[in-house]
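# Breakdown of the fold
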Amino acid sequence: MTDQSHRPDTSLSDCVLAALDIVVLEWEEGLREFRLQGVPPEWWSQCVGSTIRNSLDLSQCSPFLQDYLGGIHSVWQGSPGPIEKSGAWTEPDRQGGTMTLEARPLFLGPRKLVLIERLGSDFEHMRSIVQRARERMLAEDITAKSHRNTETRLIGQLEASERTKDDALALLQQLGLAAIVLDERGQITFATDRTLEMLGCAMQEILGRPWDQVLSFRKEDRLLIQHLLEGSSKIHSSGPLCFEGASSKWIELGIHRDLAHTGRRILIFNDRTEVHALRQALNEQASFHDLIGKSPAMLRVYQLVRDVAQVDTTVLIEGETGTGKELIARAIHSSSARKHKPFIAANCAGLTDSILTSQLFGHKRGAFTGAIQDQQGLFEAAEGGTLFLDEIGDIPPQVQTALLRVLQEKEITRLGEAKPRTVNVRVVAATHHNLSEDVLRGSFRADLLYRIRIARVQLPPLRDRREDIPLLAQSMLGQVCAATGKTVERLHPDTLRLLMSHSWPGNVRELKSAVEFAVISCKGNEICPMDLPPEIAGATVVPSPSVFIPLSGQDEKTRLLAALSEAKGNRTEAAKRLGISRATFYRRLGEFDLASDQ
Amino acid sequence: MIQKKICMLGGFAVGKTSLVRRFVTNVFSEHYQTTIGVTVEKKTVMVDQQDVMLMLWDLYGEDEFQHIRESYLRGSSGYILVMDGTRKATLDTARLLQQTVVRTVGPIPFVSIINKSDLQSEWEIDQPAIEQLREQGWPVFFGSAKLGQGVEELFGCLATMLLSPASPPRTCL
C-alpha cells in the first residue's frame, strides 16, 4: 500500500500541469534535445506545431524561443544565482492575433526543465496600466510643451510690446510733447517728461491723483475741461487756457479718447505761451488800450503813455480835435498805479467861470442861486484817481488861478466855503490850442502852463499817420456793424484809396463818422466809394507827391500855405489838393489868420 | 542565409514599433499601443548581392516603468537608437541606452534616427544637439515612420554596416 501510494501518478501530474496552463520542457542530455513533459496546453501547438514523440524541434520555434533555449545552457552551467526569466515575448497565434509568453529555467535535482507560461489577464491588466501611464505622460508632455510655447509667445509679445512702448515713449519724449493719460476716474496714469517739467514735479507725485488736483487751471477753465472730458466725441480742443503752475503758461489743450480703452483720455498740452506773448505784443502794437494804430508815430505815443504812466505828474495832451486825446488820458490812467481809482473826464470848453468852478471844486448849499445842497466837485469825485480836463486852453482866467492853487497845494475849497480840503488827484489836461501862443497872447497863465506841462504827449493828426487808416477803418467797420446789426465785411479798394487820400481835418472822429455814414448807405457787404460822404466820395484822387507825401514835422499852417502855393493861389484847387472842402479850407485859413494874406 | 539580430532601442513612444512595421509590412497606425516585452519580426534584405535576414527585436520602450533587460541584447549584431524629434528627453534616453549596449555586448554597429520628421516644426532636438551626436560618431538619420521617409535607408545602412563593420557607408554619416 505504502509503495503504491508513493508511486508517481502520471495522470495527476498531467492534470495539474494542464490546470496550470504551463508547458514543461525537459532537457535530455543524452539526446541533446528538449522533450515535452505531460500534456501541453492547447496554445502550445499554435507556437510550434505538432511535436513528434514529445521531442521539440527548435527550428520550428519562434526566433525568440530559439534564442532563449539556445542560450539557456549557459544559465544552467553558470554559477548558482537567480534563475533568469526570459521576459515577456509576443508570438503570433493561428487566429491572426498574438499571445504573450514567458519562460523560466528550473532545476529539479539533476533534471533541467524549462517552464513556459502564457501571460494572461494579470499581464493584460499590467499592460493597460502602463499604456495609460505612458499616454498620460505623453499628454502631459504635450500640455507642458504647449504651455512653454504659450509662455514663449507671450514673453515675445510682451517684449515686443515693451519695445513698442519704449519706442513710442522715446518718440514722445523726443517730440517734447506734454501729455498725460487719465483713467476712467480721471486719475493720472502716465505723464511725459515734458509734462513733468511743466508741472515742476516728479512722476510718482502725480500718478494716481485726480487731474484737477494736479493741473492748476482757473475755475472756469477747469469746468470747461471737465465738460470736454465728459463729452463723447473723439477729439476736443480748447484754449489757450492759462495754466497757473510754477510759472504761468498759456496752453492749448487737446483731449483725445483712447481708442483702445473707451474710458481713458489722453490730454495733450501745447505750450502757446510764446505765441500768446507774441500775439499780445502784436495786438499791443496794433492797438493800445482803445487806441488803434501801428504807425511809428502811434508806437512812439504808446511808449510815451507807458513812460508817463509810471510817474504821477500832471500831463498835457496836445493834439487836433478828434485825435483821441481822451483815449490817451484813459490809457495813462489805466496804465498807472491809480487804475483802480476813479477816472473823471470834464470838458472845460464853453463853461462860465462860476459853473466850471462849481463843477471842479464843488459848492456849499446857498453859495449861489440854485445851490440847494452841498455838492462835491470833480476833484473830490476823482479822489485817488485821475481828473481829465479837456480843452484846458478854454478855461477862464479865474478858474486858471484856482486850478493852479489846487495843483500847487493839493487842496480845493468848495464854492461858499472857507476851509480847504486836501485832495489826491492826478490831473491830465488836453488841448487843441497852442498854449504857448495863448500865453503870449495873455489868454493862458504861464505858471499854470508850466505846472500842467510837466509831461506832454503830442498826438499826431490822422493825415500824418495815413498807414493807420486801413486798420482804423476796418476796426470801425466792425464796431459800427456790431452796433447797427448790418453785415458789411470789407472796404472796396477804391474806397480805401479815397480814405487814404482824404486829409481828415476832423481826424479819427471824422473817419469814424464817415464809416458810420458809409455803413448806413451800403447796400451790399462791401463799402463802395459811392457809400462814402459826398465830400470824400467826390474828391479826385490826385496822387500828387507834394500833397500826399507825409508832412511830418510840418504844421497845418505850412501845409495850407504849400497847397496854396502849388495851386498858384487858387483856393478851390488848394482845398481839392488837400482833400478837404472849400468851406473847411477857408475856415482853416481864418483860424491861422491867413485869409487876408493869401 | 545570413541572419542578424538587430535590437530596436529608444524611449517609449518614439516610434520603434512603427518603424519596424513600416519596414516589414509597409503599414503605419496612428494609434499608439505600448510594447511590453519584445516582439521579433524578420525581413530579408539584399546587401552586396547577399540575402541577409534581419531579425528585428522590437523591445519595449525605456522609461521609469520598464528598464532594458540585458538578456535581450545578448547575441545582437547591431542596434538602432530611435529618438522622437519633438521630445528632447528621448535623446538623453538614447544616450543612456547606447552606453548600456556597449557595456553589455560591446561596441557593435548601430545607427540612430530622429523620427517624426513630419512634425519638424515642433522639434525640440535642435541642430547643435544633432551635430554633437555626429561628432561622437553617431550615424544620425532623419525620418518619419508615418510618411515612410528614411526607413529603408536606416535599415539598409545598418545591414551594410553589419556585413562590413570596419567601414560604415559614407551615406550613413
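A quick note: this is a predicted structure, and the numbers were derived from the prediction, not measured.

Across its full length, chain B holds 5 helices and 6 strands. When the helices and strands of chain B are placed in sequence order, the string is β-α-β-β-α-β-α-β-α-β-α. Taking the principal axes of the C-alpha coordinates as reference, chain B spans close to 40 × 35 × 35 Å. Relative to its full complement of 173 residues, chain B shows a buried share of 56%.

Before going further, it helps to spend a moment on the overall build of chain A. Scanning chain A for helices and strands turns up 25 helices and 23 strands. Summed over all atoms, the accessible surface of chain A reaches about 32,600 Å², with 53% contributed by carbon and sulfur.

On domain assignment, one finds that chain A holds domain 1 (2–119), domain 2 (176–271), domain 3 (291–458) and domain 4 (485–591). For domain 1 of chain A and domain 3 of chain A, the distance between their C-alpha centres works out to 145 Å.

On to a negative patch on the surface. Judged by side-chain charge, E159(A), E162(A), D166(A) and D167(A) come together as a negatively charged surface patch. By the secondary structure assignment, E159(A) is in helix α5 (residues 121–175).

This brings us to the sheet that holds strand β17 (residues 386–390) of chain A. All names here are of chain A. The parallel open sheet is built from 5 strands, whose spatial order is β14-β17-β20-β13-β21. Unpaired on one side and paired on the other, β14 (343–347) and β21 (455–458) mark the two borders of the sheet. Looking at each pair of strands side by side, their axes are set apart by 20° on average, direction ignored. Pairing analysis gives 4 bridges linking strand β13 (residues 315–318) to β21, with the strands arranged parallel. Within the sheet, the bridge partner assigned to E318 lies in β21 and is Q458. Sheet contacts for helix α11 (residues 296–310): β13, β20 (426–431) and β21; angle to β21, the most-contacted strand, approximately 160°.

This next bit is on the environment of R194(A). Residue and element names in this part refer to chain A. Looking at the secondary structure, you find R194 in helix α6 (residues 193–199). Separated by 21 residues in sequence, R194 and Q173 have C-alpha atoms that sit 7.1 Å apart. Excluding its chain neighbours within four sequence positions, the residues that come into contact with R194 are Q173, G176, L177, A178 and D271.

Bringing helix α20 (residues 507–521) of chain A into the picture now. Residue and element names in this part refer to chain A. A rise of 1.5 Å per residue sets the reference length of α20, with its 15 residues, at 21 Å; its end C-alpha atoms lie 21 Å apart and thus fit the reference within 8%. Looking at α20, one finds that the buried residues are N507, V508, E510, L511, A514, V515, A518 and V519. Lining the buried residues of α20 we find α18 (469–484), α19 (493–501), β23 (526–527) and α21 (534–537).

We now examine the packing of aromatic side chains. Across all of its chains, the model carries 13 aromatic pairs over all chains by this definition. Arranged with centres 6.0 Å apart and planes meeting at 65°, the rings of F64(A) and Y72(B) form a pair that is edge-to-face. Of the two residues, F64(A) sits in helix α4 (residues 63–77) while Y72(B) sits in helix α2 (residues 70–73), which places them in two different chains. The class for F64(A) is buried, based on a relative accessible area of 3%.

To continue, consider the interface of chain A and chain B. Counting from both sides, the interface comprises 23 residues of chain A and, opposite them, 28 residues of chain B. In total, about 2,100 Å² of surface goes out of reach between chain A and chain B, with carbon and sulfur atoms giving 57% of it. Remark: the boundary between chain A and chain B carries 3 salt bridges. With a shortest N-O distance of 2.7 Å, R148(A) and E124(B) are connected by a salt bridge. In this assembly, chain A and chain B are joined by 12 residue pairs in polar contact (both at pLDDT 80 or more). Counting only elements with at least two residues in the side of chain A that touches chain B, the list comes to α4, β3 (89–92) and α5 of chain A. For the side of chain A that touches chain B, a count of residues per class yields 10 nonpolar, 4 polar and 9 charged. Where β3(A) meets strand β2 (residues 38–47) of chain B, 2 bridges bridge the pair, whose relative direction is parallel. Bridging from a neighbouring strand, T90(A) pairs with T39(B) of β2(B).

A word on the packing of α11(A) against helix α12 (residues 325–335) of chain A. Relative placement of two packed helices is described by the angle separating their axes and the distance separating the axes. Residue and element names in this part refer to chain A. The geometry of α11 relative to α12 is characterised by a closest axis approach of 8 Å and an angle of 45° between their N-to-C directions. Compared by their axis directions, α11 and α12 come out oblique. The two elements α11 and α12 cross, and the hand of that crossing is right-handed. Residues V301, V305, V308, A309 and Q310 of α11 touch α12, and the partners they reach there are I328, A331, I332 and S335. When grouped by side-chain class, the residues that make up the contact of α11 with α12 number 7 nonpolar, 2 polar and no charged.

Spatially, β2(A)-β1(A)-β5(A)-β4(A)-β3(A)-β2(B)-β3(B)-β1(B)-β4(B)-β5(B)-β6(B) is the arrangement adopted by the 11 strands of the open sheet, whose pairing is mixed. The sheet is open, and its two edges are formed by β2 (33–37) of chain A together with β6 (140–142) of chain B, each paired on a single side. Within this sheet the neighbouring strands show an average axis-to-axis angle of 35°, counted without direction. Sheet topology note: the strand β1 (residues 2–10) of chain B/strand β4 (residues 78–84) of chain B ladder contains 5 bridges and is parallel. Looking across to β4(B), one finds that L9(B) is bridged to L81(B).

Residue and element names in this part refer to chain A. Taken as a whole and judged by the stated rule, the model has 33 salt bridges over all chains. Residue E29 is joined to K112 by a salt bridge in which the shortest nitrogen-to-oxygen separation is 3.8 Å. Residue E29 is found in the loop between β1 (22–28) and β2, and its partner K112 is found in strand β5 (residues 111–118); the two are separated by 83 residues along the sequence. Looking at E29, the relative accessible area reads 42%, which means it is partly exposed. The salt bridge involving R338 is made with D312; its shortest N-O contact spans 2.7 Å. Taken as a pair, R338 in the loop between α12 and β14 and D312 in the loop between α11 and β13 lie far apart in primary sequence, 26 residues in all. Using a relative accessible area of 47% as the deciding quantity, one classes D312 as partly exposed.

Parameters and conventions
- Residues numbered from 1 in each chain as written.
- Chains lettered and ligands numbered in written order.
- Predicted model: local features only at pLDDT ≥ 70, side-chain atom pairs only at ≥ 80, totals over all residues.
- Heavy atoms only, no water.
- Helix = DSSP H or I, 4+ residues; strand = E, 2+ residues; numbered from the N terminus.
- Buried < 20%, exposed > 50% of the residue type's maximum accessible area, 1.4 Å probe, protein only.
- Areas by Shrake-Rupley, 256 points an atom, 1.4 Å probe, with all protein chains shown as cover.
- Domains from an automatic or database assignment.
- Patch = residues over 30% accessible without salt bridge, like charges linked within 9 Å, V, L, I, M, F, W, Y side chains within 5 Å.
- Salt bridge = Lys/Arg side-chain N within 4 Å of Asp/Glu carboxyl O.
- Lys, Arg positive; Asp, Glu negative; His and termini not counted.
- Charge placed at Lys NZ, Arg CZ, Asp CG, Glu CD.
- Pairing = 2+ DSSP bridges.
- Axes fitted to C-alpha atoms, helices over the stretch in contact; angles between N-to-C directions.
- Contact = heavy atoms within 4.5 Å.
- Expected span 1.5 Å × (residues − 1).
- Phe/Tyr/Trp six-rings, centres within 6.5 Å; stacked < 30°, edge-to-face > 60°.
- Buried area = accessible area lost by both parts, 1.4 Å probe.
- Polar contact = N/O pair within 3.5 Å; in protein donor to acceptor, adjacent residues only side chain to side chain.
- Nonpolar A, V, L, I, M, F, W, Y, C, P; charged D, E, K, R; others polar.
- Parallel < 35°, antiparallel > 145°, perpendicular 65-115°, else oblique.
- Left-handed = near helix turned anticlockwise from the far one by under 90°.

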